[in-house]
Amino acid sequence: MFLTLLFQDKLSNAKYAITMARKIGAPIYALPEDIVEVKQKMVMTVFACLMATDKAKEAAEAKDE
């Protein structure tokens, strides 16, 4: 039972992280289960999408100035 609660906590945190990433406009392709199971390539795509979103927003802000 304790392991189930631990997994549910991890899953809830992963869902929250994906929700926040999508809220800032990042195109996220990973599932919460991919993050909980630490699928390296999928976790890397999450961070790559976050970095690309940040870079695009910085470029847009620099263009506006």
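Cut-offs and rules
Residues numbered from 1 in each chain as written. Predicted model: local features only at pLDDT ≥ 70, side-chain atom pairs only at ≥ 80, totals over all residues. Heavy atoms only, no water. Helix = DSSP H or I, 4+ residues; strand = E, 2+ residues; numbered from the N terminus. Rg over C-alpha atoms; globule rule 2.2 N^0.38 Å. Buried < 20%, exposed > 50% of the residue type's maximum accessible area, 1.4 Å probe, protein only. Contact = heavy atoms within 4.5 Å. Areas by Shrake-Rupley, 256 points an atom, 1.4 Å probe, with all protein chains shown as cover. Lys, Arg positive; Asp, Glu negative; His and termini not counted. Charge placed at Lys NZ, Arg CZ, Asp CG, Glu CD. pLDDT = per-residue confidence, 0-100. Core = buried A, V, L, I, M, F, W, Y, C linked by side-chain atoms within 4.5 Å. Polar contact = N/O pair within 3.5 Å; in protein donor to acceptor, adjacent residues only side chain to side chain.

Focus: the overall build of the chain
Part 1 of the reasoning: Of the regular secondary structure elements, the chain holds three helices and zero strands.
Part 2 of the reasoning: From first element to last, N terminus to C terminus, the chain shows the α and β order α-α-α.
Part 3 of the reasoning: Over its C-alpha trace the chain gives a radius of gyration of 15 Å, far above what one expects of a compact globule, namely 11 Å for 65 residues.
Part 4 of the reasoning: Considered along the principal axes of its C-alpha atoms, the chain spans approximately 55 × 20 × 10 Å.
Part 5 of the reasoning: Taking all 65 residues of the chain together, the buried fraction comes to 20%.
Part 6 of the reasoning: The long-range share in the chain, meaning contacts at least 24 apart out of those at least 6 apart in sequence, stands at 30%.
Part 7 of the reasoning: Approximately 5300 Å² of the chain is accessible, and the part contributed by carbon and sulfur atoms is 64%.
Part 8 of the reasoning: Between the centroid of the 9 positive side chains of the chain and the centroid of its 9 negative side chains there is a distance of 5 Å.

Structural notes on the confidence of the model for the chain
Part 1 of the reasoning: When the pLDDT values of the chain are averaged, the result is 93; 95% of them are 70 or greater.
Part 2 of the reasoning: Per-element mean pLDDT across the chain ranges from 91 in helix α1 (residues 2-23) up to 96 in helix α2 (residues 32-36).

Examining the nonpolar core
Part 1 of the reasoning: If you look at the biggest cluster of nonpolar residues, it comprises seven residues: Ile 18, Ala 21, Ala 26, Ile 28, Ala 30, Val 46 and Cys 49.
Part 2 of the reasoning: Contributing elements (two or more residues each) for this core: α1 and α3 (40-64).
Part 3 of the reasoning: For Ala 26, the residues in contact, after removing those within four places along its chain, are Ala 21, Cys 49, Leu 50 and Thr 53.

A closer look at unusual backbone geometry
Part 1 of the reasoning: Positive phi outside glycine occurs at Val 38, with the angle close to 50 degrees.
Part 2 of the reasoning: Summarising the element assignment, Val 38 is placed in the loop between α2 and α3.

Thoughts on the side chain of Thr 53
Part 1 of the reasoning: Considering the arrangement of structural elements, one finds Thr 53 in helix α3.
Part 2 of the reasoning: A polar atom in the side chain of Thr 53 sits 2.8 Å from the backbone oxygen of Cys 49.
Part 3 of the reasoning: The residues touching Thr 53, leaving out its near neighbours within four places in the chain, are Ile 24, Gly 25, Ala 26 and Pro 27.

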